[in-house]
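# Geometric and topological summary
If you want the building blocks of each chain, they are given just below.
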Amino acid sequence: MTEKHIVLEDIDPVALYGANNVHIQLIRSLFPKLRIVARGNVIRVLGDEDEMDMFETHIGRLREHVVKYNSISAEDIVDIIKTQKSKADAVKGVVVYNLSGRAIRGRSENQQRLIDAFEENDMIFATGPAGTGKTYLSIALAVKSLKEKIAKKIILCRPAVEAGEKLGFLPGDMKDKIDPYLQPLYDALEDMIPATKLQDMMEKHIIQIAPLAFMRGRTLSDAIVILDEAQNTTPAQIRMFLTRMGWNTKMLITGDLTQVDLARGQISGLREAINTLTGIEGIAHIALNQKDIVRHKLVTRIVHAYEQADKKKQEIASKQ
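Read on for a plain summary of the structure. (Residues numbered from 1 in each chain as written. Predicted model: local features only at pLDDT ≥ 70, side-chain atom pairs only at ≥ 80, totals over all residues. Heavy atoms only, no water.)

### So, the packing of helix 9 (residues 235-242) against helix 10 (residues 269-277)
- Where helix 9 contacts helix 10, the two axes come as close as 8 Å, and the packing angle between them is 60°. With respect to their mutual orientation, helix 9 and helix 10 come out oblique. Both helix 9 and helix 10 take part in a crossing whose hand is right-handed. Here Pro235, Ile238 and Leu242 of helix 9 lie close against helix 10, whose contacting residues are Gly269, Leu270, Glu272, Ala273 and Leu277.
- Residue composition of the contact of helix 9 with helix 10, grouped by class: six nonpolar, one polar and one charged. (Axes fitted to C-alpha atoms, helices over the stretch in contact; angles between N-to-C directions. Helix = DSSP H or I, 4+ residues; strand = E, 2+ residues; numbered from the N terminus. Parallel < 35°, antiparallel > 145°, perpendicular 65-115°, else oblique. Left-handed = near helix turned anticlockwise from the far one by under 90°. Contact = heavy atoms within 4.5 Å. Nonpolar A, V, L, I, M, F, W, Y, C, P; charged D, E, K, R; others polar.)

### Let's talk about the sheet that holds strand 11 (residues 283-287)
- Taking strand neighbours across the sheet as the criterion, the six strands line up as 8-7-9-10-6-11 in an open arrangement whose pairing is parallel. Each of the sheet's edge strands pairs with one partner strand only, and the pair in question is strand 8 (207-209) and strand 11. Across the sheet, the mean angle separating the axes of adjacent strands is 15° when strand polarity is ignored.
- Taken together, the five bridges between strand 6 (residues 123-127) and strand 10 (residues 250-255) define a ladder with parallel strand orientation. Bridging across to strand 10, phenylalanine 125 finds its partner in isoleucine 253. (Pairing = 2+ DSSP bridges.)

### Regarding the pattern of salt bridges
- Under the definition given, this model contains nine salt bridges.
- Salt-bridge contacts for lysine 4 lead to glutamate 56; the nearest nitrogen and oxygen are separated by 3.0 Å. Placement of lysine 4 in strand 1 (residues 2-7) and of glutamate 56 in helix 3 (residues 49-69) is noted, with a sequence separation of 52 residues between them.
- Using a relative accessible area of 25% as the deciding quantity, one classes lysine 4 as partly exposed.
- Classification of glutamate 56 by relative accessible area gives partly exposed; the value is 34%.
- Among the ionic pairs, arginine 63 bridges to aspartate 10, the shortest N-O distance being 2.7 Å. Here the residue arginine 63 occupies a position in helix 3, and aspartate 10 occupies one in the loop between strand 1 and helix 1 (13-17), the gap between them amounting to 53 residues.
- By relative accessible area, arginine 63 is classed as partly exposed at 22%.
- Residue aspartate 10 is classed as partly exposed on the basis of its relative accessible area, which comes to 28%.
- Each member of the salt-bridge network shares a partner with another, and the members are Lys4, Asp53 and Glu56. (Salt bridge = Lys/Arg side-chain N within 4 Å of Asp/Glu carboxyl O. Buried < 20%, exposed > 50% of the residue type's maximum accessible area, 1.4 Å probe, protein only.)

Structure below.
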């Protein structure tokens, strides 16, 4: 009789073991010749060597399923172990699964265009009003790339307009200073990656924060880089950011051109970048609109009302 220890390094063990270890009990029933003990992130197995090799192979497939979908069911376990193939792999159009097992996919024509553009281009501009999913989908695409080992890290960036880029006056270290501006990105990440794993990835710099004010001089390689709220960059800032792009890197630049918070008279760097870079091979611009809003139905009505009010203001101004 031999013994083997299998370490689950990149998943939350609870997702595999199930509530009250119900999944482990099922796995034990499928390998009656082995003694299986699961504690923490280590599975201890005793038994016949050939049977253990088969068990290790199947545990690897179960782990891959949890990595990809953030969850696993008893039916999936039986299907993977008995047929060596998860039926979930047949699901098409899914970017990733969130922690509750819900499929994250394009929910409108333009959202699907954003997903397709990410596959075909290295730099994607996604613009549109609040609630169109541009930031959430961008995070989902980055997480997918990380899980599939297409990229080695995710880099998050957002201009701190309210602080006037003078982050030194805010309390705490750099992460504390920039965190309030990155909260929408963290919210999306926390919906897709278990909290303990997310913390570990940040400590290991697999997921990084990169304040726009400190990007100069860096070359960003083997990464998915997301610049959120890019409408609040100046032309000089966004030009500096875009030229940080290194090998095997994709950039997602998101923003709402109707909500520019720059000082009066300043030009939005996002608008200028889109106008300057349109038509360049490898760069795509996806413009989302009211039809793509996936938040509460009132958000669509609010956006529409403000657009109508802005049009009236412009008409009045043109007559004066």
